[in-house]
Amino acid sequence: MTVKYLGHSCFLIGLGSKTLLFDPFIKPNPLAKDIDFGGLQTDLILISHGHHDHIADGPELARQTQAPVLSNYEICHWLNKQGITSTIAMNIGGKWVQPEYSVKCVNAVHSSSLPDGTYGGNPMGFIVESKFGNFYFAGDTALTYDMKLIGEYRKIDVALLPIGDHFTMGVDNALIASDFINCNTIIGMHYNTFSPIQISTEAAQLKFKAAGKTLHLPAIGSTLEF
Ligand code: NI
Ligand code: MN
């Protein structure tokens, strides 16, 4: 399993020959200016909720890559109206099973309006299972006791958790979340992109280390292997 960080909450995750792209927000993110946007390819685009900083490049990348977009019903309907026909409209609790992997939509405690103000349905996180490993992409969420269910449901090998505070949980709550989901390998996201979500990355990593866990904070454009 490979995890390439494209900035903010955007990741390109490789599972064998398949790649999954989460929450595309590259062109409007100055920190991601060195990403080769035109060269991006993927087999599936997953969008956790309707906020600009998670969907901004969704329509363009859906056209560029011809990959289907998996999101909630309302967001898929919104994309359909823009001419993006290949969508997988789901909702919380549902599982999409493919030969190589499966995606389960889980609860996120947040909000989800679309960039034009349209209702964006409920925000979601995703659990992806494959023979290359299982991971949890939390999306934008507060700490919630529902995360205990995730830890009981499956062995999570790697979890991508927001750590920037203000709009989502911060570092201290992400550490509790990692206990709830029973996972010691965490990748931080949704931090340092905007001024309200600036954090001390050193302090964050020390807190996880003190708890016997690893908080990976890869540079934008770099790839981790698990
Ligand atoms: Ni959001
Ligand atoms: Mn966000």
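Details of the structure are given in the entry above.
What you are looking at is a predicted structure, and each value in this text was computed from that prediction instead of being measured.

## Some points on the overall build of the chain
Stage number 1. Along the backbone of the chain there are six helices and 14 strands.
Stage number 2. Over its C-alpha atoms the chain spans a radius of gyration of 16 Å, differing by no more than 12% from the 17 Å that the globule rule assigns to 226 residues.
Stage number 3. Buried positions account for 54% of the 226 residues belonging to the chain.
Stage number 4. Long-range pairs, those at least 24 residues apart, make up 60% of the contacts in the chain between residues at least 6 apart in sequence.

## Section: the environment of Ser 102
Stage number 1. By secondary structure assignment, the location of Ser 102 is in strand E8 (residues 101–107).
Stage number 2. Owing to a relative accessible area of 8%, Ser 102 belongs among the buried residues under this scheme.
Stage number 3. Placed 20 residues apart in sequence, Ser 102 and Asn 122 show a C-alpha to C-alpha distance of 20 Å.
Stage number 4. For Ser 102, the contacting residues outside a window of four places in its chain are Lys 95, Trp 96, Val 97, Ile 127, Val 128 and Glu 129.

## As for the nonpolar core
Stage number 1. Ranked by internal contacts, the top residues of the largest apolar core, which has 51 residues, are Leu 70, Tyr 136 and Leu 161.
Stage number 2. In terms of residues, this core owes the most to one element, helix H5 (residues 171–180), which gives five residues.

## Examining the coordination of the nickel ion (ligand 1)
Stage number 1. Distances from the nickel ion (ligand 1) to its protein donors, namely His 49 (NE2), His 51 (ND1), His 110 (NE2) and Asp 140 (OD), fall within the range 2.2 to 2.3 Å.
Stage number 2. The distance between the nickel ion (ligand 1) and the manganese ion (ligand 2) comes to 3.1 Å, with Asp 140 serving as a donor to both metals. Taken together, the positions of His 49 in the loop between strand E4 (44–46) and helix H1 (52–55) and Asp 140 in the loop between strand E10 (135–137) and helix H4 (147–153) put the pair 91 residues apart, joining distant regions of the chain. The exposure classification of His 49 matches that of Asp 140, with both residues buried.

## Digging into the coordination of the manganese ion (ligand 2)
Stage number 1. Only Asp 53 (OD), His 54 (NE2), Asp 140 (OD) and His 190 (NE2) from the protein reach the manganese ion (ligand 2) as donors, at distances of 2.2 Å.
Stage number 2. Donor residues for the manganese ion (ligand 2), ordered by position in the chain, follow D-H-x85-D-x49-H.
Stage number 3. Residue classification places His 190 among the buried positions, given a relative accessible area of 1%.

## Overview of the pattern of salt bridges
Stage number 1. All told, the structure shown has five salt bridges when counted by the stated rule.
Stage number 2. Residue Glu 129 pairs with Arg 154 through a salt bridge whose shortest N-O separation is 2.7 Å. With a gap of 25 residues between them, Glu 129 in strand E9 (residues 124–130) and Arg 154 in the loop between H4 and strand E11 (158–162) connect regions that are remote in the sequence.
Stage number 3. What makes Glu 129 buried here is its relative accessible area of 14%.
Stage number 4. Judged by its relative accessible area of 30%, Arg 154 falls in the partly exposed class.
Stage number 5. Its salt-bridge partner being Asp 179, residue Lys 213 comes within 3.0 Å of it at the nearest N-O pair. One end of the pair, Lys 213, is in the loop between helix H6 (201–210) and strand E13 (214–216); the other, Asp 179, is in helix H5, with 34 residues separating them in the sequence.
Stage number 6. Lys 213 sits in the buried class, given a relative accessible area of 7%.
Stage number 7. Overlapping salt bridges, with partners in common, bring together Lys 95, Glu 129 and Arg 154 in one network.

## Considering the side chain of Ser 9
Stage number 1. Mapped onto the fold, Ser 9 is located in the loop between strand E1 (2–5) and strand E2 (11–15).
Stage number 2. When residues no more than four places from it in sequence are discounted, the contact partners of Ser 9 are Phe 22, Asp 23, His 54, Phe 137, Asp 140, Met 189 and His 190.

## So, the packing of H5 against H6
Stage number 1. At a minimum axis separation of 10 Å, H5 and H6 run at an interaxial angle of 30°. Taken together, H5 and H6 sit at an angle that is classed as roughly parallel. Of the two elements, H5 crosses H6, and the hand of that crossing is right-handed. Here Val 171, Asp 172, Ala 174, Leu 175 and Ser 178 of H5 lie close against H6, whose contacting residues are Ala 204, Lys 207 and Phe 208.
Stage number 2. Of the residues contributing to the contact of H5 with H6, the split by class is five nonpolar, one polar and two charged.

## Some points on unusual backbone geometry
With glycine set apart, most residues show a phi of negative sign, and most peptide bonds adopt trans.
Stage number 1. Here His 190, not a glycine, exhibits a phi torsion of approximately 60°, which is positive.
Stage number 2. Topologically, His 190 is positioned in the loop between strand E12 (185–189) and H6.

Cut-offs applied
Residues numbered from 1 in each chain as written. Chains lettered and ligands numbered in written order. Predicted model: local features only at pLDDT ≥ 70, side-chain atom pairs only at ≥ 80, totals over all residues. Heavy atoms only, no water. Helix = DSSP H or I, 4+ residues; strand = E, 2+ residues; numbered from the N terminus. Rg over C-alpha atoms; globule rule 2.2 N^0.38 Å. Buried < 20%, exposed > 50% of the residue type's maximum accessible area, 1.4 Å probe, protein only. Contact = heavy atoms within 4.5 Å. Core = buried A, V, L, I, M, F, W, Y, C linked by side-chain atoms within 4.5 Å. Donors = N, O, S within 2.8 Å, 3.2 Å for Na, K, Ca; no water. Salt bridge = Lys/Arg side-chain N within 4 Å of Asp/Glu carboxyl O. Axes fitted to C-alpha atoms, helices over the stretch in contact; angles between N-to-C directions. Parallel < 35°, antiparallel > 145°, perpendicular 65-115°, else oblique. Left-handed = near helix turned anticlockwise from the far one by under 90°. Nonpolar A, V, L, I, M, F, W, Y, C, P; charged D, E, K, R; others polar.

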